Amino acid sequence: MGSGGGAGSDLHLRRFRRPAEERDFGGTGSGWTYAKGSLKKLQRQDMDRDQAVGAAMQALFDAADDDAATGGPDIVRRIYPTVAVITADGYEEVADGELAGFAARLTP
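Owing to the predicted nature of the structure, the values given are computational and were not obtained by experimental measurement.

A. Structural detail: the pairing of strand β3 (residues 84-87). Here β3 pairs with strand β4 (residues 90-93) via 4 bridges, running antiparallel. When the sheet's bridge partners are listed, Ala84 is paired in β4 with Glu93.

B. Structural detail: the pattern of salt bridges. Applying the stated criterion to the full structure yields 5 salt bridges. In this structure, the salt-bridge partner of Arg44 is Asp46, at a minimum N-O distance of 3.0 Å. In this structure Asp46 comes out as exposed when scored by relative accessible area, which is 57%. A salt bridge links Arg49 to Asp50; the nearest nitrogen and oxygen atoms lie 3.4 Å apart. The exposure class of Arg49 is partly exposed, given its relative accessible area of 26%. On the accessibility criterion, Asp50 (42% relative accessible area) is partly exposed. In the salt-bridge network here, residues are joined through shared partners; they are Arg49, Asp50, Glu92 and Glu98.

C. Representation of the environment of Val83 in the model. By the element assignment, Val83 lies in the loop between α3 (49-66) and β3. A residue is classified by how much of its surface remains accessible, and Val83, at 3% relative accessible area, is buried.

What counts, and where the lines are drawn
Along each chain, residue indices are assigned from 1 in the same order as the chain's sequence is written. For this predicted model, a pLDDT threshold of at least 70 governs which residues receive local features, and a threshold of 80 or more governs which side-chain atom pairs are given and counted, while totals over whole chains, interfaces and linings are taken from all residues. Heavy atoms throughout the structure, all of them, feed into the side-chain values; hydrogens and water do not. We treat two strands as partners when DSSP finds at least two bridges between them. Helical segments are the DSSP runs of H or I of at least four residues, strand segments are the runs of E of at least two, and each set is numbered from the N terminus. The salt bridge definition used is simple: a Lys or Arg side-chain nitrogen within 4 Å of an Asp or Glu carboxyl oxygen. Three exposure classes are used, based on accessible area relative to the maximum for each residue type with a 1.4 Å probe and protein chains only: buried under 20%, partly exposed in between, and exposed over 50%.

In structure tokens:
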């Protein structure tokens, strides 16, 4: 999943063989520290697809709140990040319409 904020601003939920917080997710960019803090609280090994997408969207909202250079979801202009689910069956991008639903549920 990428935040859509330009080069070097990607957030990835994937399995690594490293310490827990490095093994389960990783990312780069100026907002990564904030997204990482969010994911450390939200991520679990037994998450289903919707829970994983929801956690990723929450992490992007949190990062965008704390880092001006992070382009988070923009509900007003209908600009959403690129979010993809990667499983043993392959790569699937989550449609903007579905991301809009997640974003609506995450905003007050």
